[in-house]
Amino acid sequence: MTDLGALRHLAAEITALEQAGLLRKPSAPPPAGCLVLCSNDYLGYGTDPWPAPVEAPSGAGASRLVSGHHAEHALAEQTIATWLGFEAALLFSSGYAANVGTLSALARPGDVIVSDALNHASIIDGCRLSGAKVVVVPHRDVAAAEAALEQAQGAPRRWLVTESYFSMDGDSPDLVRLRAACDRWDAALIVDEAHAVGSLGPEGRGLAARAGVRPDVLVGALGKALGLQGAFVAGPMVLRTWLWNRARSFVFSTGISPALAAAIRHRVLRVAADDEARARLDRVTSRLRADLTSVVGDALLPSHGPILPCFVGPPEEAIRISLRLRERGILVQAIRPPTVPPGTSRLRVTAHARLTDADLSRVVAAFAESWKP
Ligand code: PMP
């Protein structure tokens, strides 16, 4: 056996995780013919070939602030900003880097950040790193958020951060009321639309656009409905200038590949025009929601859109159901703590636009055989 030296404590801790049903590892690629119903590739673009001629260089070679800035970055950012109706956008290497970099650049010690209890780990980490006081409010509780903003009147600045479409629950906050609360208490509204841009809202512009709400800062992901990789932050020019200077995950990180930036520009133009794919996604989602409800009943948590969380509870049980589905050619991973709160393990089923009626029939049959028999 390898001598683990100073890492020897890890072996015992990993065994403990395994015994608790909480050990995680990258899953083996699904066998051919397996239907994947747990990705965030809601439109199915992720399985398409590279969307742009790869004339652009493969690597930026350095931070955008050193020698890594390429015309393709600026073009992609302008395309995103125009699509969403913001002055400016800035690319990050991932949604994780975008949230951590943006929140820690904006909020400062003394400020107050009001954060939804189910916000993504990257939002939580960004809040912590900022050094601001973080007030975590119950999920989607506008009254609690407003009370926290009111209480923070003495702080230099107030920030409210929420997802628009919660990744593990498939539900949404009331953005109209959150916007009003922010306006009333002079707070900035930061909305993470990672799971909404591309798939939801007019021209795929997300749920703030659907609600007619303008966030001060909008974070979007490019590795989900757009089927590529990376993320962006959109807002006014001053936001972009500030992030150039203070978002450490931008400043101290190699610029994204210019070839990827070119692909992003093509994908944004495609997704903005692809109402047909969004209509297909809606149809698939409606049928899948009805089918799953007929099998799992109330375990399908109240949700809308392509994220359909089926509540299980104990992690071991969620794994067992996931394995039974896999044996039947359906990939739906068990989602366990720390991704979701303890005791709330679930199967997070996601629809995508390319599922056929025959696929959906397979899915419901597999669920009927696999769900707590
Ligand atoms: N925000 C939310 C709400 C997410 O669900 C995720 C990814 N699951 C991210 C940010 C991070 O995005 P990325 O995968 O591009 O790092």
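Looking up the chain in an unreviewed UniProt entry gives the name 8-amino-7-oxononanoate synthase, with the organism given as Polyangium sorediatum. The UniProt entry for the chain carries the following comment under Cofactor (unreviewed entry): "pyridoxal 5'-phosphate".

Trainee: In this structure, what is going on with the site of the ligand? I would like to understand it.
Mentor: For the ligand, the set of nearby residues contains 14 residues, the closest of which are S94, G95, Y96, S167 and A194. No other element matches the three residues that helix α3 (residues 95-106) contributes to the shell around the ligand. Considered class by class, the residues forming the shell around the ligand number four nonpolar, eight polar and two charged.

Trainee: Explain the packing of helix α2 (residues 71-84) against helix α10 (residues 258-273) here, please?
Mentor: Each pair of packed helices can be described by the angle between their axes along with the distance between the axes. It is at 8 Å that the axes of α2 and α10 come closest, and there the two elements cross at 20°. The orientation of α2 relative to α10 falls into the category roughly parallel. Handedness of the crossing formed by α2 with α10: left-handed. Contacts between α2 and α10 pair E72, H73, L75, A76, T79, I80 and W83 from the former with P258, A261, A262, I264, R265, V268, L269 and A272 from the latter. Partitioning the contact of α2 with α10 into residue classes produces 11 nonpolar, two polar and two charged.

Trainee: Would you explain the environment of L103 in this entry?
Mentor: Take L103: it is sitting in helix α3. Along the sequence, L103 and V161 sit 58 residues apart, while their C-alpha atoms lie 9.0 Å from each other.

Trainee: For this particular structure, what's the right way to read the domain arrangement of the chain?
Mentor: Annotation of the chain at the domain level lists domain 1 (30-46 + 275-370) and domain 2 (71-273). Of the residues lining the interface, 21 residues belong to domain 1; the matching set on domain 2 comes to 17 residues. At the level of secondary structure, the elements contributing two or more residues to the side of domain 1 that touches domain 2 comprise α11 (275-296) and β9 (307-313). Broken down by element, the residue count for the side of domain 1 that touches domain 2 peaks at three residues, all from β9.

Trainee: What is the right way to look at the sheet that holds strand β11 (residues 334-335) in this model?
Mentor: An order of β9-β12-β11 is seen for the three strands of this open sheet, with the pairing classed as antiparallel. The open sheet terminates on both sides in strands that have one partner only, identified here as β9 and β11. Relative to strand β12 (residues 345-350), β9 runs antiparallel, the two sharing six bridges. Bridging from a neighbouring strand, L308 pairs with V349 of β12. Strand contacts of α11: β9 and β12, with the helix running at about 15° to β9, the strand carrying the most contacts. With respect to the sheet, helix α12 (residues 315-327) is in contact with β9, β11 and β12, its orientation differing from that of β12 by roughly 35°.

Trainee: Whenever I open this one, the sheet that holds strand β6 (residues 187-192) confuses me. Can you help?
Mentor: Whether parallel or antiparallel, the strands of a sheet pair through hydrogen bonds between backbone atoms. With mixed pairing, seven strands are arranged side by side in an open sheet as β2-β8-β7-β6-β5-β3-β4. Each end of this open sheet is capped by a strand with a single partner; those strands are β2 (88-92) and β4 (133-137). Strand-to-strand twist across the sheet, computed as the mean angle between neighbouring axes with direction ignored, equals 20°. Running at roughly 125° to β2, α2 makes contact with β2, β7 (217-221) and β8 (231-235) of the sheet. Contacting β2, β5 (158-163), β6, β7 and β8, α3 runs over the sheet at an angle of about 165° to β7.

What counts as what
Residues numbered from 1 in each chain as written. Predicted model: local features only at pLDDT ≥ 70, side-chain atom pairs only at ≥ 80, totals over all residues. UniProt positions renumbered as here; feature names shortened; annotations may be inferred. Near = placed C-beta within 6 Å. Helix = DSSP H or I, 4+ residues; strand = E, 2+ residues; numbered from the N terminus. Nonpolar A, V, L, I, M, F, W, Y, C, P; charged D, E, K, R; others polar. Axes fitted to C-alpha atoms, helices over the stretch in contact; angles between N-to-C directions. Parallel < 35°, antiparallel > 145°, perpendicular 65-115°, else oblique. Left-handed = near helix turned anticlockwise from the far one by under 90°. Contact = placed C-beta atoms within 7 Å. Domains from an automatic or database assignment. Pairing = 2+ DSSP bridges.

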